[in-house]
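Given next are the chains, with one letter for each unit.
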Amino acid sequence: MASLYKKPITVTDPKTGEKVKVKSKKWWGRYRDENGVERRVPLAMDKGAAQTMLNELVKKAERRGAGMEDPFEAHRRTPIADHIAVFRQFLEGKGNTEKHARLTCTRAQAIVDGCKFKRIGDVTPSAVVEWLKNERAAERIGIQSSNYYLACIKAFLAWLVKDGRTDRNPLVHLSGMNAKVDVRRERRSLPPDEFALFLEAARTGEPKRKVNGEDRAMLYLLAASSGFRCSELASLTPESFDLDGDSPSVTVEAAYSKRRRQDIQPLPRDVATVLAAWLRGKPAQQYLWPGGWVNHAAKMVKADLAAARDAWIGKATTPEQTKEREKSAVLVFRDNADHVFDFHSLRHQYVSNLAAAGVHPKIAQTLARHSTITLTMDRYTHVGLYDLAASVNSLPALPVDGPDADANVLKATGTDDLGVSEVPTVVPSGAENGAVLPASATLRFAPDCTETRGERKKPDAVNPQRGRTIRTNPREPASNCTKGKERGPSRIRTGDGGFAIHCLTAWLRGRERTCSRYNRHGRRRFFSSHAICRVVILIESCPIRNAFAS
């Protein structure tokens, strides 16, 4: 039978200094648990509150005795900091790196401390959102970092549910913000000439972070040729390279790869040759780039960039050139567009070089080891002015106004400087949209249509409405630019489905110049005399007109 009582305690009398027995101010409760064991627990100073608490304890004991106990009760009473400590052990035991486990739990603990959560039941979405907003407002974190913090606390609460420590995740419906509107560090790639100056400055520079100049140059070269990250490069040994075969490659073991699988990355042959010469003096089974440079890689790159820029400015021959180079953004850490070049930019350099070389996007995604093609194309591929200029210069030549305009057109089409001219083939309907399709064998004209085979072709008459094209469309009036029988048109387009051929057939058979046929709609259609005249001009201007007449 449960009961309330006040526990007798021994205290010291402040007046006499003697120890006396008195009853406690707090009520205690006596009850038996589900195993029949008597329990005595402190309750409250108010008797009514103490009685309510005692009744609740008795009810829970009876539920546990009937097999209906709450499985999360003990975990709800455990401080949330203790759960985070167990969560960190879980991450490390699962195979994550110590750095990842520490960073995840540190961010989750920062939210817990900032929101003053003591137990699992104290976690609320509104408190987390408010804390993240205040941190962004104070500019201690950006939007991307805010999303990282949110992801860490959500991962922690999701683990609590999976581990049977609670029955719900109160933050499951929270989502991150759009980080594109607040990019704190946008990276870029270097043009080839600037990258060469950067490597040369590193090779001839002083040791930085206990890495000498030659080793730093090889480190940068391999990073820009393989796309490996800092931690992956730091794990390499001479045995990681296979440079003797037809396909040289470098291998990162699964324990050091970000995606936790063995990565074999192919290398360009010229880079493999340079690396092979550098590896000859390296001890076996030893890290090629030891030390703590990984945590200061961006500062190391920044120092080498500054050295390369100073050397480039020092090569100026005149004071004016020196001032011009000092004002330029060549080899700066942060350019005019606020884009930086740090160590991770070497990975951007690798992906951008793949795009500049015309590598298929899917292959580039595989080489970059990205989960999505969007990440490869949008974030890691950078197009510079030199890439745009090369693409524009590859466009075909366009005709320009002037006395050499016709020569430019002939040169662009590949018909300039030819001793024999050819009459272009008849193009079926559909050429109106710009397509040039070869005609069938029965519709091809003889290739020699000049009066003298050895003479160069004179400029053809130009139709002011259609340039150098004479159409056999009955809806278009004939041009007045073709005079006499000196030459024929440079091209005939039958935009009316072989309409000119019907006209030619009628003329050859000695019929009248105007004849008719039924179109696809069942209506009778008359041949235009303009179309027949154009065909006649073509035939009369060619040496093969006697063959047609016969």
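What you see is a predicted model, and the numbers here were worked out from it, not measured in a lab.

Conventions used here
Residues numbered from 1 in each chain as written. Predicted model: local features only at pLDDT ≥ 70, side-chain atom pairs only at ≥ 80, totals over all residues. Heavy atoms only, no water. Phe/Tyr/Trp six-rings, centres within 6.5 Å; stacked < 30°, edge-to-face > 60°. Helix = DSSP H or I, 4+ residues; strand = E, 2+ residues; numbered from the N terminus. Buried < 20%, exposed > 50% of the residue type's maximum accessible area, 1.4 Å probe, protein only. Axes fitted to C-alpha atoms, helices over the stretch in contact; angles between N-to-C directions. Parallel < 35°, antiparallel > 145°, perpendicular 65-115°, else oblique. Left-handed = near helix turned anticlockwise from the far one by under 90°. Contact = heavy atoms within 4.5 Å. Nonpolar A, V, L, I, M, F, W, Y, C, P; charged D, E, K, R; others polar. Expected span 1.5 Å × (residues − 1). Arc of directions from axis to C-beta. Polar contact = N/O pair within 3.5 Å; in protein donor to acceptor, adjacent residues only side chain to side chain. Pairing = 2+ DSSP bridges. pLDDT = per-residue confidence, 0-100.

## Observations regarding the packing of aromatic side chains
Here the structure, examined in full by the defined rule, presents 11 aromatic pairs. Ring centres 6.1 Å apart and planes at 45 degrees place the aromatic pair Phe-195 and Phe-198 in the tilted group. One end of the pair, Phe-195, and the other, Phe-198, are both in helix 7 (residues 192-204), three residues apart, so they sit about a helical turn from each other. According to the relative accessible area criterion, Phe-195 is buried, its value standing at 11%. Both rings, one in Phe-198 and one in Phe-341, keep their centres 5.8 Å apart while their planes meet at 80 degrees; by these two values the pair is edge-to-face. Taken together, the residues span a long stretch of sequence, with Phe-198 in helix 7 and Phe-341 in the loop between strand 8 (339-340) and helix 13 (345-356) at a distance of 143 residues. Phe-198 gets classed as buried once you look at its relative accessible area, which sits at 0%. Residue Phe-341 is classed as buried on the basis of its relative accessible area, which comes to 0%. Put simply, the rings of Phe-195, Phe-198, Tyr-220, Trp-293, Phe-341 and Phe-343 touch in pairs and so form one group of aromatic residues.

## As for the packing of helix 8 (residues 213-226) against helix 10 (residues 269-279)
Helix packing for two helices is described by the angle between their axes and how far apart those axes are. Orientation of helix 8 relative to helix 10, taken along the N-to-C sense of each, is 150 degrees, at an axis distance of 11 Å. On the basis of the axis angle, helix 8 is roughly antiparallel to helix 10. Relative to helix 10, the crossing made by helix 8 is left-handed. Contacts between helix 8 and helix 10 involve Glu-214, Asp-215, Met-218, Leu-221, Leu-222 and Ser-225 on the former and, on the latter, Val-271, Val-274, Leu-275 and Trp-278. Residues of the contact of helix 8 with helix 10, tallied by class, amount to seven nonpolar, one polar and two charged.

## Quick look at helix 1 (residues 47-65)
Along its 19 residues, helix 1 runs 27 Å from first to last C-alpha, staying within 8% of the 27 Å computed at 1.5 Å per residue. Every buried residue of helix 1 is listed here: Ala-50, Leu-54 and Ala-61. Here the buried residues of helix 1 occupy an arc of 35 degrees about the axis, which is enough to place them on one side. Exposed and oriented more than 90 degrees from the buried face of helix 1 are Thr-52 and Glu-62. Packed against the buried residues of helix 1 are strand 1 (3-12) and strand 2 (19-32). By the N-cap criterion, in which a side-chain oxygen at the helix start approaches the backbone nitrogen of a residue two or three places on, helix 1 is capped by Asp-46, the distance to Gly-48 being 3.1 Å. In the segment just after helix 1, Gly-67 is the residue with positive phi, at about 80 degrees.

## Side note on the sheet that holds strand 2
Taken together, the three strands give an open sheet; going across it, the order is 1-2-3, and neighbouring strands pair in antiparallel fashion. Taken across any chain shown, the strands that pair with only one partner, and hence form the sheet edges, are strand 1 and strand 3 (38-42). Within the sheet, the average angular offset between the axes of one strand and its neighbour, ignoring direction, is 40 degrees. Across the sheet, helix 1 is in contact with strand 1, strand 2 and strand 3; its angle to strand 2 comes to roughly 40 degrees.

## Some words on the confidence of the model for the chain
Across the chain, the average pLDDT comes to 76, with 68% of residues at 70 or higher. Per-element confidence in the chain ranges from a low mean pLDDT of 44 for strand 9 (residues 470-471) to a high of 94 for helix 5 (residues 125-137). Here residues 407-476 is a poorly scored stretch, pLDDT under 50, and it has 119 contacts once near neighbours within four places are set aside; other chains count. Note on residues 511-515: pLDDT is under 50 here. Beyond four places in sequence and across chains, it has 11 contacts.

## Observations regarding the sheet that holds strand 5 (residues 241-242)
An order of 5-6-7 is seen for the three strands of this open sheet, with the pairing classed as antiparallel. Edge positions in the sheet fall to strand 5 and strand 7 (263-266), since each of these pairs with one other strand and no more. For strand 6 (residues 249-252) and strand 7, the ladder comprises four bridges, and the chain directions are antiparallel. Residue pairing for strand 7: Thr-251 is matched across the bridge by Ile-264.

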